[in-house]
Amino acid sequence: VDADGPGGRPFAVFESSAILIYLAEKSASPLLPARPHHRNAVMQWLMFTTGGVGPLFAQAFHFLNSAPEDVPYAKTRFVNETRRLYGVMEKRLGAAPFLAGPAYTIADVATFPHVSRHSRHGIDLADFVHVRRWYGTIKARPAVGKGMAVPGGIGPITGKGRD
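Residues numbered from 1 in each chain as written. Predicted model: local features only at pLDDT ≥ 70, side-chain atom pairs only at ≥ 80, totals over all residues. Heavy atoms only, no water.

Q: Help me get a handle on the overall build of the protein, residues and values and all.
A: When its secondary structure is counted, the protein shows 6 helices and 0 strands. A compact globule built from 163 residues should have a C-alpha radius of gyration of about 15 Å, and the protein, at 17 Å, falls within 12% of that. The C-alpha extent of the protein, read off along each of the three principal axes, is 55 × 35 × 30 Å. Considering the protein as a whole, with its 163 residues, one finds that 39% of them fall into the buried category. Looking at the protein alone, contacts between residues at least 24 apart form 60% of all its contacts between residues at least 6 apart. Entry remark: accessible area of the protein is about 9000 Å², with carbon and sulfur atoms responsible for 61%. Across the protein, 19 positive and 12 negative side-chain charges occur, with their mean positions spaced 5 Å apart. (Helix = DSSP H or I, 4+ residues; strand = E, 2+ residues; numbered from the N terminus. Rg over C-alpha atoms; globule rule 2.2 N^0.38 Å. Buried < 20%, exposed > 50% of the residue type's maximum accessible area, 1.4 Å probe, protein only. Contact = heavy atoms within 4.5 Å. Areas by Shrake-Rupley, 256 points an atom, 1.4 Å probe, with all protein chains shown as cover. Lys, Arg positive; Asp, Glu negative; His and termini not counted. Charge placed at Lys NZ, Arg CZ, Asp CG, Glu CD.)

Q: Quick one: what's the story with the packing of aromatic side chains, residue by residue and with numbers?
A: The tally for this structure, following the rule as stated, stands at 8 aromatic pairs. Here Phe63 and Phe78 contribute two aromatic rings whose centre-to-centre distance is 5.7 Å and whose plane-to-plane angle is 5°, an arrangement assigned as stacked. In this pair, Phe63 is assigned in helix 2 (residues 36-65) and Phe78 in helix 3 (residues 72-95), connecting sequence segments 15 residues apart. In this structure, Phe63 and Phe78 share a single accessibility class: buried. Members of the aromatic cluster, connected to one another through ring pairs, are Phe57, Tyr86 and Phe128. Note that Arg141 overlies the ring of Tyr104, its terminal NZ or CZ placed 3.7 Å from the centroid. (Phe/Tyr/Trp six-rings, centres within 6.5 Å; stacked < 30°, edge-to-face > 60°. Lys NZ or Arg CZ within 6 Å of the ring centre and 35° of its normal.)

It is worth stressing that arrangement in space is one thing and function is another; only the former is reported here.
Below, the structure written as structure tokens:
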């Protein structure tokens with residue numbers, strides 16, 4: 001809840017992508033460009049994460065690490081789909097430094113935490129050199145390290161378990 005929402009009144013926002021858009025718009029952040037074609041590129045990659053990366057990486061994570069029973073079909077299906085999505089990112093990041101183009105945006109903010117668990121998805125970033133470069137660039141941002149240390153007391157990205 002933003003205590004200082006529109007008209008100075010409290011305003012509730014839910015869903016991580018909607019929260020990122022709201023905060024970027026409210027602050028006129030360069031993380032969500034104003035120019036239509038740049039903004040649209042950010043929105044496309046944000047939706048890629050919202051509709052694909054988030055749910056499918058979570059399924060791979062679950063069936064590889066948390067499922068109460070071994071389900072080989074589910075493991076194969078979700079790891080293969082996760083690998084396909086890493087391939088989509090690989091192709092894009094071979095053509096641009098960040099998902100939506102030349103600048104770091106909310107699309108990268110939304111996607112990075114999912115990729116930070118790549119080893120738990122059965123993914124080796126050595127197979128995706130452009131994703132690995134992107135990941136390293138974002139991981140090196142001081143604010144990202146601080147942010148990744150917040151959720152649930154998981155701690156900072158250390159190279160063990162989180163990477």
